[in-house]
Amino acid sequence: MAVVPYKDQDDNKKSQVATMFNNIAGKYDFLNHFLSAGIDIIWRKKAVSLLAPQKPKLILDIATGTGDFAIELLKLNPDKIVGADISEGMLAVGREKLTKKGLNHKIELQYGDSENLPFADNTFDAVTAAFGVRNFENLSKGLSEMNRVLKPGGTIVVLEFSKPRSFPMKQLFQFYFKNILPLVGKIVSKDNAAYTYLPESVQAFPDGQDFLNIYQQVGFKNTKWHSLTFGISSIYIGTK
Ligand SMILES: C[S@@+](CC[C@H](N)C(=O)[O-])C[C@H]1O[C@@H](n2cnc3c(N)ncnc32)[C@H](O)[C@@H]1O
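Treat the numbers as computed from the prediction; the structure is a model and nothing was measured. (Residues numbered from 1 in each chain as written. Predicted model: local features only at pLDDT ≥ 70, side-chain atom pairs only at ≥ 80, totals over all residues. Heavy atoms only, no water.)

Visitor: I tried to follow helix H5 (residues 139-149) on my own but got confused; where do I start?
Guide: Of the positions making up H5, those classed as buried are Leu139, Gly142, Leu143, Glu145, Met146, Asn147 and Val149. Where H5 is buried, its residues meet strand S1 (58-62), strand S4 (124-130), strand S5 (150-161) and helix H8 (209-217). (Buried < 20%, exposed > 50% of the residue type's maximum accessible area, 1.4 Å probe, protein only. Helix = DSSP H or I, 4+ residues; strand = E, 2+ residues; numbered from the N terminus. Contact = heavy atoms within 4.5 Å.)

Visitor: Is there a simple way to think about the pairing of strand S6 (residues 221-228) in this case?
Guide: Along any regular strand the residues' side chains alternate between the sheet's two faces. Across six bridges, S6 lies against strand S7 (residues 233-239) in antiparallel orientation. Within the sheet, the bridge partner assigned to His226 lies in S7 and is Ile235. (Pairing = 2+ DSSP bridges.)

Visitor: Explain the packing of helix H1 (residues 13-35) against helix H6 (residues 169-189) here, please?
Guide: Following both chains from N to C, one finds H1 and H6 inclined at 140°, their axes separated by 10 Å at the closest point. Relative to H6, H1 is oriented oblique. Judged by the sense of rotation from one axis to the other, the crossing of H1 with H6 is right-handed. Residues Ile24, Lys27, Phe30, Leu31, Phe34 and Leu35 of H1 touch H6, and the partners they reach there are Tyr176, Leu181, Val184, Gly185, Val188 and Ser189. (Axes fitted to C-alpha atoms, helices over the stretch in contact; angles between N-to-C directions. Parallel < 35°, antiparallel > 145°, perpendicular 65-115°, else oblique. Left-handed = near helix turned anticlockwise from the far one by under 90°.)

Visitor: Honestly, the site of the ligand in this entry has me stumped. Any pointers?
Guide: In the vicinity of the ligand lie 20 residues, with Tyr28, Ala63, Asp85, Ser114 and Ala130 positioned nearest. Interatomic distance of 2.6 Å between a side-chain N/O atom of Asp85 and an oxygen atom of the ligand. For the ligand, a nitrogen atom lies 2.8 Å from a polar atom in the backbone of Ala130. Within the complex, the protein chains bury 98% of what would otherwise be the 600 Å² of accessible surface of the ligand. Of the residues contributing to the shell around the ligand, the split by class is nine nonpolar, seven polar and four charged. (Near = heavy atom within 4 Å. Polar contact = N/O pair within 3.5 Å; in protein donor to acceptor, adjacent residues only side chain to side chain. Areas by Shrake-Rupley, 256 points an atom, 1.4 Å probe, with all protein chains shown as cover. Nonpolar A, V, L, I, M, F, W, Y, C, P; charged D, E, K, R; others polar.)

Visitor: Hey, could you run me through H1 in this one?
Guide: Turn by turn, an α-helix covers 3.6 residues, leaving residues three or four places apart pointing in a common direction. Look at H1: only 24 Å from first C-alpha to last across 23 residues, short of the 33 Å you get at 1.5 Å a residue. Its axis deflected by about 75° at Ala25, H1 carries its strongest bend there. Following H1 by one or two positions, Ala37 adopts a phi angle in the positive range, close to 55°. (Expected span 1.5 Å × (residues − 1). Bend = angle between axes of the 7 residues up to and from the residue.)

Visitor: How do you make sense of the pairing of S7 when you look at a structure like this?
Guide: For S7, a buried count of seven out of seven residues is recorded, marking the element as mostly surrounded by other parts of the structure. Neither face of S7 is left uncovered, since the one carrying Ser233, Ile235, Ile237 and Thr239 and the one carrying Ser234, Tyr236 and Gly238 both have all their residues buried. As paired elements, S5 and S7 share seven bridges and run antiparallel to each other. Bridged to Val157 within S7 is Ile237. Between S6 and S7, which pair antiparallel in sequence order, lie four residues; one of them, Thr229, sits at a positive phi of approximately 45°.

In structure tokens:
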């Protein structure tokens, strides 16, 4: 059974996830950096640096949210970045940020569902997603769509939480993730479920080689993964 944010509701995962991110959009950036002690910023930088050798000119950032990963991708000096997301609330915060930074000519944010992307086949040089794919209702469908819109030879980079496996990091991380993070997340975001859904969805999500197997099933080649910070997060790379 899919892990959903609001277990007492009948809506499907996609609509619950969109509602949840709409609810927390205003506090998302603060909580992200606060709860990870800023490490999420370093992880995004690392993921972007791994894409640098490809020199992508047109990039699609899926599950772009408030646009932090799209903004980091500007370091690669692309012609254009398109950010797509199913949460209008997150996109609104992102658009405000881009306007303040004067980046509207480089990054365009639009509504887009990864499982049914509004783009032609073979369009983008690179497709990325940071902390997004875990939230897809149908992971294989979402990754297949990312593959479809990528040009042959193009690169996919996914940054996602994974599960630390060695003592004592595994135990420390689990304690923090299951006890402290949901409490602080609930108090600050005022959403009862969002930061309980986070550890539950990470626990249920395939990581490491299991994730690469799904990459390969949907057609990606040259797949590899990089473990970050004791395995708390991982970066998954592949080519079309
Ligand atoms: C944890 S946020 C990540 C935002 C941003 N990438 C970052 O690094 O901070 C996850 C985002 O995934 C989006 N999302 C979930 N399912 C999606 C789907 N099927 N298609 C597009 N976006 C989706 C959510 O709306 C949310 O904004």
